[in-house]
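Remarks on the overall topology
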Amino acid sequence: MEEQIQRKDIRALTLDQLRDFFVMKGDKAFRGNQVYEWLWQKSAHSFETMTNISKETRNLLTSNFVINHIKVDQIQRSEDGTIKNAVRLHDDLVVESVLIPTRTRTTACVSSQVGCSLDCHFCATARLKRMRNLNPDEIFDQVVAIDNESRLYFNRPLSNIVFMGMGEPLMNYNNVLKAIEKITSKEGLGMSPRRITVSTSGVPKMIKKMADEQVKFNLAVSLHSAVDEIRTSIMPFNATFPLVDLREALQYWYSKTKSRITYEYVVWKGINDTQSDADALVDFCRFAPSKVNLIEYNPIDDDRFQQANEKAIMMYVKTLGKKGITATVRRSRGKDIDAACGQLANKS
Ligand code: SAH
């Protein structure tokens with residue numbers, strides 16, 4: 001047991017480190033490339049499956065490393081086709097990821113943290129608190145698991161990824177970026193970053209950092225209100241990262257990337273359903289090409305929050321439309337299995 005604890009997660013190594021390991025052991029550096037391919041391209045769960053590697057080398061790997069592969073513990077299927085995976089990690093913690101099929105796409109919604117660093121009052125995940133950040137390989141594995149399910153159930157590969165599962169991706173920035181690097185590189189899954197969206201509640205410093213690093217994936221911001229007082233009352237961390245800072249960071253993002261910003265927005269009765277709320281939203285986002293997804297509220301047991309009526313939603317669509325901002329009204333998916341936005345809470 002003690003020995004097991006000391007063995008290192010092999011996927012924490014870079015390709016160069018793996019090549020160095022083999023050289024140090026008197027083998028060829030190229031062996032590192034072979035193993036790396038098994039780990040990231042073929043998503044091997046054990047060293048035994050690495051059939052083009054000698055038994056001796058596999059033993060060497062087994063005595064030095066472990067592969068901390070995730071385990072899909074439970075699969076739930078919704079009547080609308082949505083699939084939710086309960087994913088067990090090597091230390092027995094559990095996160096959830098969701099496969100969302102449409103006629104033309106399969107989207108993976110993946111988690112970035114166990115629990116969440118933030119405290120949004122309307123979100124079930126917030127009640128779990130943050131237990132730890134996911135490692136790059138744990139994020140990568142969720143994507144691979146959903147890709148396999150997409151092929152199995154829908155006869156097509158995964159087409160899109162959204163970081164809209166549990167957790168705040170920008171509070172686990174380095175690992176999320178490393179995972180995306182693996183997902184998009186040809187040594188990994190070779191997916192286009194244009195098909196990936198990172199969703200954040202808005203951490204200004206990290207948005208600027210992403211802009212500086214010229215990342216190629218899409219950015220979505222969970223705004224829900226463009227009025228500080230209201231936003232702070234439902235998303236308390238807004239007191240630390242107020243809207244002026246968020247907006248300044250988004251302006252910086254746009255100036256560097258020229259890439260459109262998507263806002264996620266739920267309209268609640270008596271909270272943000274007036275004309276002046278919609279006007280504030282227009283004012284907030286008109287500095288750059290933007291799109292607003294008006295998402296359906298998925299009730300969690302808190303009486304303060306109730307989905308606004310159709311009239312209020314249409315008022316938003318009209319107000320945004322008049323100023324040339326695209327608004328889409330999103331129906332929830334996977335509600336019956338608690339797989340919809342804000343419902344991920346390891347209930348089962
Ligand atoms: N922390 C990141 C990633 C989570 S994404 C972020 O905040 O963007 C999950 C999305 O679902 C966010 O837009 C969040 O605001 C939204 N959401 C949370 N609870 C919800 C609920 N009960 N109903 C509908 N959407 C909800």
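Quick look at the domain arrangement of the protein chain now. What the domain assignment reports for the protein chain is domain 1 (2–66) and domain 2 (71–337). The centre of domain 1, based on its C-alpha atoms, is set 35 Å off from the matching centre of domain 2. If you look at the interface, domain 1 gives 6 residues, while domain 2 gives 8 residues. Interface area, domain 1 with domain 2, both sides summed: about 780 Å², of which 51% is carbon and sulfur. When the buried surface of domain 1 facing domain 2 is broken down by residue, Arg11, Trp40 and Gln41 rank first, second and third, together holding 65% of it. Put simply, domain 1 and domain 2 have 2 salt bridges between them. Its salt-bridge partner being Asp137, residue Arg11 comes within 3.7 Å of it at the nearest N-O pair.

Turning our eyes to something else, we now look at unusual backbone geometry. Unusually for a residue other than glycine, Lys129 sits at a positive phi of about 60 degrees. Of the residues examined, Lys129 reaches a relative accessible area of 53% and is grouped as exposed. Of note, Asp338 is a non-glycine position whose phi angle comes to about 55 degrees, a positive value. If you trace the backbone, Asp338 turns up in the segment after strand 14 (326–330).

Another point: the pattern of salt bridges. Under the counting rule described, the total for this entry stands at 21 salt bridges. Two residues, Lys208 and Glu248, come together in a salt bridge whose shortest N-O distance is 3.3 Å. Of this pair, Lys208 sits in helix 7 (residues 204–212) while Glu248 sits in helix 9 (residues 243–257), placing them 40 residues apart in sequence. We note a salt bridge from Lys256 to Asp212, for which the minimum N-O separation is 3.9 Å.

Bringing the sheet that holds strand 9 (residues 160–163) into the picture now. Spatial ordering of the open sheet is given by 3-4-5-6-9-10-11-12-13-14, a layout of 10 strands whose pairing is mixed. Each edge of the sheet is formed by a strand with only one pairing partner; in this case those strands are strand 3 (71–77) and strand 14. Shown here is a sheet whose adjacent strand axes are inclined to one another by a mean of 20 degrees, direction ignored. Each of strand 9 and strand 10 (196–200) is contacted by helix 6 (residues 173–184), which is oriented at about 170 degrees to strand 10, the strand it contacts most.

A few words now on the packing of helix 7 against helix 9. Axes are the key here: two packed helices are described by the angle between their axes and the distance separating the axes. With their axes 9 Å apart at the nearest point, helix 7 and helix 9 run at an angle of 5 degrees to one another. It follows from the interaxial angle that helix 7 and helix 9 lie roughly parallel. Here Pro204, Ile207, Lys208, Met210, Ala211 and Asp212 of helix 7 lie close against helix 9, whose contacting residues are Asp245, Leu246, Glu248, Ala249, Leu250, Tyr252, Trp253, Lys256 and Thr257. A class-by-class count of the residues in the contact of helix 7 with helix 9 yields 9 nonpolar, 1 polar and 5 charged.

Our next topic: the site of the ligand. Looking at the ligand, there are 21 residues lining it, with Ser199, Ser201, Ser222, His224 and Asn298 nearest. One of the side-chain nitrogen or oxygen atoms of Ser222 is found 2.6 Å away from an oxygen atom of the ligand. Backbone polar atom of Cys341 to a nitrogen atom of the ligand: 3.4 Å apart, as the coordinates give it. The fraction of the free accessible surface of the ligand (540 Å²) that becomes covered by protein chains is 96%. A breakdown of the residues in the shell around the ligand according to their chemical character gives 9 nonpolar, 9 polar and 3 charged.

What counts and what doesn't
- Residues numbered from 1 in each chain as written.
- Predicted model: local features only at pLDDT ≥ 70, side-chain atom pairs only at ≥ 80, totals over all residues.
- Heavy atoms only, no water.
- Domains from an automatic or database assignment.
- Contact = heavy atoms within 4.5 Å.
- Buried area = accessible area lost by both parts, 1.4 Å probe.
- Salt bridge = Lys/Arg side-chain N within 4 Å of Asp/Glu carboxyl O.
- Buried < 20%, exposed > 50% of the residue type's maximum accessible area, 1.4 Å probe, protein only.
- Helix = DSSP H or I, 4+ residues; strand = E, 2+ residues; numbered from the N terminus.
- Pairing = 2+ DSSP bridges.
- Axes fitted to C-alpha atoms, helices over the stretch in contact; angles between N-to-C directions.
- Parallel < 35°, antiparallel > 145°, perpendicular 65-115°, else oblique.
- Nonpolar A, V, L, I, M, F, W, Y, C, P; charged D, E, K, R; others polar.
- Near = heavy atom within 4 Å.
- Polar contact = N/O pair within 3.5 Å; in protein donor to acceptor, adjacent residues only side chain to side chain.
- Areas by Shrake-Rupley, 256 points an atom, 1.4 Å probe, with all protein chains shown as cover.

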